[in-house]
Structures are given as C-alpha cells and as structure tokens.
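Chain residues, written in single-letter form:
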Amino acid sequence: MATAVPTAALPTPARAGPAPPRAPLRADPRYLTQLHAALIKSGELTASPKSFHSLLEAAAASPTLLPYAVSLFRLGPRPPPSTPCYNVLMRAFLHAGHPEDALHLFVEMLGAASACPDQHTVACVLKSCSRMCALDVGRGVQAYAIKRGLMADRFVLSSLIHMYASCRDVSAARLLFDAVEENGVVMWNAIITAYLKNGYWMEVVEMFKGMLEVGLAFDEVTLVSVVTACGRIGDAKLGTWVAGYVDEKGLVRSRNLMTALIDMYAKCGELGKARRLFDGMQSRDVVAWSAMISGYTQADQCREALALFSEMQLAGVEPNNVTMVSVLSACAVLGALETGTWVHSYIRRKRLPLTIILGTALVDFYAKCGCIDEAVEAFESMPVKNSWTWTALIKGMATNGRGREALELFSSMRKASVEPTYVTFIGVLMACSHSCLVEEGRRHFDSMTQDYGIKPRAEHYGCIVDLLGRAGLVDEAYQFIRTMPIEPSTVIWRALLSSCAVHKNVEIGEEALKQIISLNSHHSGDYILMSNIYASVGQWKDAAMIRKEMKDRGIEKTPGCSLIELDGVVFEFFAEDSDHPQLREIYQKVEEMIDRIKMAGYIPNTADVRLEVDEHEKEVSVSHHSEKLAIAFGLMKLDPGATIRLSKNLRVCTDCHSATKLISKVYNREIVVRDWNRFHHFKDGTCSCNDYW
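Under an unreviewed UniProt entry, the name given to the protein is DYW domain-containing protein, and the source organism is Miscanthus lutarioriparius.

Okay, here's the thing in structure tokens:
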C-alpha cells in the first residue's frame, strides 16, 4: 500500500544549488602516513580544519585506507570535526558497502556541537536508506529535511525519490515528484528510474513521452532507462527512434547507451540490428558481450550464443555472473555438457558468488543434460535457494525418471517453508506422470488448490490427462477433459492423442485429432500419431488416408533432428542425413551397429514407416533415424566406455528405443537421450523409463 508522504509547501528545486563536493585527489598510501606525521609535527593538523579535511578526504578516497580514515576521525589529534568531514566519512562508508555505518555517523552528527547536517549529508543518508531498504528511517530523514528547509535541493529530492523507489513505494515517489512545481532533468530521471527499478515499464515510456511533450531536455541517463523499458515491453518503434537520435547526436561512443540498445533490439527479436550495433562498437565490456549472448539465448539461437562466448574468450574479456547464466542456459538447451561443465569449473576457479540466479541456472543445466547427481550436488552447494531453485531440481528429477525422488524433494521443500509456485506443481505432476504414480498425482492436483490456493492452469490439466492416459486410463482421461472448467487447448488434446497411440485406442484418438484440428492446429506430429494408431491395429487404408490428408493440406513432417556434443562442438544430425562430411563412415557404422544388435535379438519395428515402400526399404529408413546416426557418430569418436549423450527434437520412436537399449548392452555403453518430453538413460539393455514413455 502506498504511504502518504508530507509534501505540503514543497518549494521548487533551486536551479543552481551548491554542487556535491568534488572527489578528492588520491594520495599515495606510502606517503599518507608521512604527510600525517608532518602535519602533526607542524601543528597544522589541529590548527587548520582545512588541512585535516584534506588529509581525511585523501585517506577516505581509497577503500583500503578506510580504517586509517576512521582512525584519523576518531583518535586524532584533530580539530573539532566539521560538516564536510562528517560528509567525507559518510560517503566513504557508503561507497565501501557499509551504509549502516554511514547511518550511525549521521545519528552521531545530530548531537555534535561542531557540525550540522547539510543537503549533502541528507542526500548521502537517503542513499544509505536505499541500500538498506530502510523505509521508516528514510521517512524520518525526510521529516528532518523538511524541518531544516533542505527540500529545495534537487539532489535531496532525487535521493528521496530514489529511496522510496528502492523501498518499493513508487506511489510515494510519484507524490514527491508531482508536488514540485518545476522539475528539471535530474528529477525526471529520478522518477523514471523509480519506475524502472520496480518494473513499471509502460510508466517509464509514458514519462519519457511527457518529457518530449513539454520540450524538456533529456540526457544519457534518461535514454538508457527508456531503451531498457522498450526492450521489456517490446516497443521496437520507440527504441528505434532513440537509436536514430543517438546516431544523429553522435552518442554512439556511449558504451552504456549502446549496450542498452543492443539489449533492447535483442529482446524485441531484432537480433540482426543488435548484432550490427555490437559489431560496430569501438570497445566492448563484459556487459555488452553479455547482452548480445543473452539475446541469442533468449531467441533460442543457442549455438550462436556459444559461438559468441568463444569469441568473447578470445577477446580476453572475463565473463561475469550474467554471462554465465546465459551460457549455461544455452548449454542446457543444446545438451552441451562439456561446455557447461567448463563454465562450472570456471565459476569455482574464479570463486564467483553462487547467487540464486546463477546457482539455479547450474542446477537446471545439469538436470537438462541428464546429470541428476551433479544437479543435486550443485543444489546442495548453494548458500541460498528460492522456489525456482527447488522447482528446477524437481522438474529435472521428474524428466529423468526419478519421480519418487522428485516427490521426496517436494516434501523437503515444504518442510523448509519454501512456498511452491504453479511451476513447482507442474514439476510434481510431471513426476507422477512419468513414474505412473496415479493416486499421488490426483492428491497433489487437489492439494494445489486446497492447500496453496493455486488455480490450475492448462499445463496442470495437461499433466493429469497425460498421467491418466499413460496409465491406460484413456476413457477417464477423456472424461476428465470433458469436465474441465477451462477450454481444453491443443496441448491437452495432444496429450490424450499420445496416450491413444500408446494404448491403440482408435475411437478416442480420432476424437482428439478432430478437436486439435478444430483449434486450427496443423502440426505434422498429430497426423503422424493418428496414422500410427491406425497402423498399429491394422487399419492400413485409414493410415494411408491420414498421410494423404497431411499432403493435401500442405503439412510437412517435422524432420527428426539429434544433437551430440564432442570436444565442445555440437554436431547436428537429421533423419536420412546427407550433408555430414563423414557421411560414408557414419552409415557404415550404422550398418555394423544394426547387424550386431540383430544378433542380440533386435527386430526392426517398421509399423510407423511410410506405407508406399517395401519391407527392406522400411528397415533401411528406420535405421537412418537421426538418433541412430548420432549414436553411431558417438561410437566412432568417443573413447571406449564413454557415455554417449544426445538430444532429439521429437519423441523417441518405438524402434529407436528398442534399438538403443540393445546398443547400450552390445557396446557396453551408457547412452543418455533427451527427447522433447523426457530423458532416457540406457544401460545394460534397459531404460530408466521402464518402457513407460
């Protein structure tokens, strides 16, 4: 709730008030003690307040000499400390990250006979309150400023607005702004920054338009805030106008502004413009590199993100936490375990703080690469965790076939008094679905509303449909959809259709496809699933008709694609691939692989192959699926016994699942496959999904 603040009779900020004290010249630490001794010996240190102030200012300018500056102030010999001396030490405490010490010094100053707080003191104290989010103390400082008549100073007012914004009382900040009759760029920047800090992106844009309407001049600080807001709301039009203004006024040398524009274009999906600005920068710091890498990751252009990260390393720019989060996210999408593991080792080597965001990205990365033990280790190493951290590990366990452990982790989360989110319950229900825990799933679905007041979304209903359907309760899943309080989406009907494919339920499968088509969805996978259902029960004519309908509608089958990482390089394979430079050797390895697993009992499942070819061609076709090509490549390139890891864009087909189980046994390899829905850990002829996927 907004807090009313005293604004009565606020004067217009003085146009030309005294400027903040300039930064002191930095004294050489080696000579500072000698200078101190000379001033004591001459008697000037106690006789001349100006000399003492200069010495204190020189010592306080260096964080390493802050204890020395405190000793000067506390122990003497010195003249009675003046207001500028108090201000020097308060600023030093603030810059050194000790706002509470600055606040204590202010309280002490109020009782000092030799000094009285001025506008610089008040501005500094308000900044300390901002750092500490000390709203009540900030209100008290405001009352003091009003009593002393210091509210005419624009730096006091802007610091006060900043304090309220940092304490998330934006309404109070706006009341202050509106109470001033004439605002300059400092005040406008203060309120715009207040909105920006609290995520009021539209208000930032509206305030900027207000500046333009009244013809008020703006500066680089204004533009950085506006461009940042444009990126968050996708306002590429205004962002492009700012970019044109920057170019016209020759502001392209401003690294902060150019980085903000890169980030804005990237968030608006205009990566080409972002990259051109990035390439045109004369010098790039870690923030600029991170903005561009993050842009690629958010646009799902993860290979480009990792390629740019490699360029960043060659340029000798050290990454920071923000860079690492984006790189780990890209590695998670691609399943690039080697690169992500290097990032983790870098974090350890450089002793980067494992913040909640970075730690959660690390947990998510390992989970999405199928390395649950490493994900647990990363989770346990985090000093602080939030609900998103717990959720990342719960979902990771769910998709890796460790449903019981996921539910145990959820129980630990509740015991730790961490409030679950709607995403947490998606992970919990996925765990139940992938591990056939029907009753547990029903209980958690009810608990979500009854115990936590979380209204189920389409994703939760989809999980329940998937749970019931996988367990063979296809009729119950269908009735569940019919009684849902929301309109079922294509995702929900698709979950039912997938269950029908597993359990060969033609009637409900036809209804599911009919509903999907009625929602104007024309995904090739839906038609192929229905065709496979018909084929599985011998309705070949209907299967052919579905394939023909696909062709008539111009719906092309999404090609199967598998990724495998070797020596930090991600290789991409498509079904029936014909572009790889080592194609001949790969297909020879596939033939050898198929021959060996046939000797172990493999029988190709050709039921899902296109119908217009003979049986031999069908067998060849299934042997050339993308994951088989990637596995063959892994067998060629990896050391004997090394785990083969790959990710696929589609659900693993029945034939590839059976074949990979035997490959893991015949070649004595652990093979980890991530498809669009879950992980499959193949070892010694078995799969972690227990053939339940």
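Participant: Give me the UniProt feature "repeat: PPR" (unreviewed entry) in the protein: which residues, what numbers.
Facilitator: Here, the residues flagged by UniProt with the feature "repeat: PPR" (unreviewed entry) are residues 82-112, 184-218, 285-319 and 386-420. A helix fraction of 74% and a strand fraction of 0% characterise residues 285-319, whose end C-alpha atoms lie 10 Å from each other. Between the first and last C-alpha atoms of residues 386-420 the distance is 9 Å; the span itself is 74% helix and 0% strand.

Participant: Can you explain helix α11 (residues 185-197)? Please cite residues and give values.
Facilitator: Helix length check: α11 (13 residues) gives 18 Å between terminal C-alpha atoms against 18 Å at 1.5 Å per residue, within 8%. Taken as a whole, α11 has its buried residues at Met 187, Trp 188, Asn 189, Ala 190, Ile 191, Ile 192, Ala 194, Tyr 195 and Leu 196. Once α11 finishes, Gly 199 follows within two positions and takes phi at roughly 80°, a positive value.

Participant: Please give an account of the domain arrangement of the protein that cites residues and values.
Facilitator: The domain architecture assigned to the protein consists of domain 1 (457-552) and domain 2 (561-687). For domain 1 and domain 2, the distance between their C-alpha centroids amounts to 27 Å.

Participant: Requested: an account of the side chain of Ser 521, with residues and values cited.
Facilitator: Looking at the secondary structure, you find Ser 521 in the loop between α30 (506-518) and α31 (524-536). One polar contact links Ser 521 to Arg 494, side chain to side chain, over a distance of 3.1 Å. Those residues in contact with Ser 521, other than ones at most four positions away along the chain, are Thr 490, Arg 494, Ile 516 and Asp 526.

Participant: Got a sec to walk through helix α7 (residues 119-132)? Specific residues and values, please.
Facilitator: Its 14 residues place the ends of α7 20 Å apart at the C-alpha level, agreeing with the 20 Å of an ideal helix rising 1.5 Å per residue. Buried residues dominate α7, accounting for eleven of its 14 residues. Every buried residue of α7 is listed here: Gln 119, His 120, Thr 121, Val 122, Ala 123, Cys 124, Val 125, Leu 126, Ser 128, Cys 129 and Ser 130. Tucked inside the fold, the buried residues of α7 contact α5 (83-95), α6 (99-110), α8 (135-148) and α9 (154-166).

Participant: Got a sec to walk through the side chain of Asp 235? Specific residues and values, please.
Facilitator: Of note, Asp 235 is situated in the loop between α13 (220-233) and α14 (236-248). Of the side chains with opposite charge, Lys 209 lies nearest to the buried Asp 235, which makes no salt bridge, at 5.0 Å. Sequence-distant contacts of Asp 235, defined by excluding residues within four places in its chain, comprise Val 205, Cys 230 and Cys 268.

Participant: Break down the sheet that holds strand β6 (residues 686-687) for me, with residues and values.
Facilitator: With respect to topology, six strands assemble into an open sheet ordered β2-β1-β3-β4-β5-β6, the strand pairing being mixed. In this open sheet, the two edge strands, each paired with only one partner strand, are β2 (569-574) and β6. By the bridge criterion, four bridges tie strand β4 (residues 671-674) to strand β5 (residues 679-683) in an arrangement that is antiparallel. The residue of β5 that forms the bridge with Val 672 is His 681. Against the sheet, helix α19 (residues 321-334) touches β1 (561-566), β2, β3 (644-648) and β4, its axis set at about 100° to β4.

Rules used throughout
- Residues numbered from 1 in each chain as written.
- Predicted model: local features only at pLDDT ≥ 70, side-chain atom pairs only at ≥ 80, totals over all residues.
- Heavy atoms only, no water.
- UniProt positions renumbered as here; feature names shortened; annotations may be inferred.
- Helix = DSSP H or I, 4+ residues; strand = E, 2+ residues; numbered from the N terminus.
- Expected span 1.5 Å × (residues − 1).
- Buried < 20%, exposed > 50% of the residue type's maximum accessible area, 1.4 Å probe, protein only.
- Domains from an automatic or database assignment.
- Polar contact = N/O pair within 3.5 Å; in protein donor to acceptor, adjacent residues only side chain to side chain.
- Contact = heavy atoms within 4.5 Å.
- Lys, Arg positive; Asp, Glu negative; His and termini not counted.
- Salt bridge = Lys/Arg side-chain N within 4 Å of Asp/Glu carboxyl O.
- Pairing = 2+ DSSP bridges.
- Axes fitted to C-alpha atoms, helices over the stretch in contact; angles between N-to-C directions.

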